[in-house]
Amino acid sequence: MIDYQVLRSRRKTLSLQVKHGQVFVRAPFHVDEKLISSFIVKKYAWLRSKITEQNQTTDYCCNFTQGSTLFLFGQLVTLNIVFASSGESSDIFLSELINDQQELTIVLPARIQHKLLTKSQLVVVVKKHLERYFTQQAQKIILPKVEYYSTLTKLTPTSIKIRQYRARWGSCNSRGELSFNYLLMMLPIHVIDYVIVHELCHLHYLNHSKYFWQLVGKYFPNYIDAKKWIKAHQSALHWRLPTPL
């Protein structure tokens, strides 16, 4: 039997979600456990397939340790963590390896090496450096693209923020403020473009009606392919900390 968690609300129908290998059942308040269990049995094959698929991508989720992997602009890169020599400053840079693999080297300050006594302390420092790097990349890439697509669509936000969300790539509110997740840098450039167009179109339609999608399609015709890429890789598009030692 598959383990699952029931999330009840005023919704009218049952639905299933598999996230990071865990099964969630969204159910109305009045539906009893027997019906939910029957629903799980009926969808068993599909659920097992999704769980297996997502568990296979677990190793691609960045955990900030030497040799771990993460997506950067749609490509898997390997983390290489080193300490700077005396007098050198910290840095992060991307390089190509002989086997066509990419490596993201994080150079940490030499002065802090003696302070990092455990694996947990090291991953916290690495995570902070990666957050800074991703934020810088997001500002360099997202802001000019928003300006470009804003001119194209004639939709202008009142402000733009770069931050990290746990479960969304961007947001738009009724005040016309756009926010983008710096983890967008994990996505291919064309998928980043889609997210930007998506949020800009919310300035006109603050919903997901057919008119909204028509507007998105007008300025980004390949939006369905972009959505498919995100869905296909969603299990690896998050960061996780390793279990503390």
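Residues numbered from 1 in each chain as written. Predicted model: local features only at pLDDT ≥ 70, side-chain atom pairs only at ≥ 80, totals over all residues. Heavy atoms only, no water.

Caption draft 1: Spotlight on the side chain of His 129. Its place among the elements puts His 129 in helix 3 (residues 119–153). Among the polar contacts listed, one links the side chain of His 129 to the backbone oxygen of Val 125, at a separation of 3.1 Å. Apart from the residues lying within four places of it in its own chain, the contact partners of His 129 are Ser 90, Ile 92, Ile 106, Leu 108 and Pro 109. (Helix = DSSP H or I, 4+ residues; strand = E, 2+ residues; numbered from the N terminus. Polar contact = N/O pair within 3.5 Å; in protein donor to acceptor, adjacent residues only side chain to side chain. Contact = heavy atoms within 4.5 Å.)

Caption draft 2: Seen up close, the sheet that holds strand 5 (residues 75–83). In spatial order, the strands read 4-5-7-6; together these four strands make up an open sheet with mixed pairing. The open sheet terminates on both sides in strands that have one partner only, identified here as strand 4 (69–72) and strand 6 (91–96). Each strand of the sheet is rotated relative to its neighbour by a mean of 35°, with strand direction disregarded. Sheet strands touched by helix 3: strand 4, strand 5, strand 6 and strand 7 (102–108). Its angle to strand 7, the strand with the most contacts, is close to 115°. (Pairing = 2+ DSSP bridges. Axes fitted to C-alpha atoms, helices over the stretch in contact; angles between N-to-C directions.)

Caption draft 3: Up close: the packing of aromatic side chains. One pass over the structure, following the stated rule, counts seven aromatic pairs. Ring centres of Phe 71 and Trp 229 lie 5.9 Å apart, and the angle between their planes is 80°; this geometry places the pair in the edge-to-face category. On the criterion of sequence distance, the pair formed by Phe 71 in strand 4 and Trp 229 in helix 6 (residues 223–233) is long-range, its members being 158 residues apart. Centroid distance Tyr 133 to Phe 134: 6.1 Å. Interplanar angle 70°. Geometry classified as edge-to-face. A relative accessible area of 12% places Tyr 133 in the buried class. By the ring-pair criterion, three or more aromatic residues cluster together here, those being Phe 212, Trp 213 and Tyr 223. Sitting over the face of the ring of Tyr 165, Arg 168 holds its NZ or CZ atom 5.5 Å from the ring centroid. (Phe/Tyr/Trp six-rings, centres within 6.5 Å; stacked < 30°, edge-to-face > 60°. Buried < 20%, exposed > 50% of the residue type's maximum accessible area, 1.4 Å probe, protein only. Lys NZ or Arg CZ within 6 Å of the ring centre and 35° of its normal.)

Caption draft 4: Structural context of the nonpolar core. Grouped together as the largest cluster of nonpolar side chains are 58 residues, with contacts concentrated most on Leu 130, Phe 134, Leu 187 and Trp 239. For this core, the secondary-structure elements that each account for two or more residues are strand 4, strand 5, strand 7, helix 3, strand 10 (177–181), helix 4 (189–201), helix 5 (210–219) and helix 6. Element by element, the count of residues in this core is highest for helix 3, at 11 residues. Setting aside residues no more than four positions away along its own chain, Leu 130 makes contact with Cys 62, Phe 64, Leu 79, Ile 92, Leu 104, Ile 106 and Trp 239. With 12 residues, the next largest nonpolar core counts Val 18, Val 25, Ile 36 and Ile 51 among its residues. (Core = buried A, V, L, I, M, F, W, Y, C linked by side-chain atoms within 4.5 Å.)

Caption draft 5: Molecular detail of the environment of Leu 16. Structurally, the position occupied by Leu 16 is in strand 2 (residues 15–19). Along the chain, Leu 16 and Arg 111 lie 95 residues apart, while their C-alpha atoms are 50 Å from each other. With residues near it in sequence (within four places) discarded, Leu 16 still touches Phe 24, Val 25, Phe 39, Ile 40, Lys 43, Trp 46 and Leu 47.

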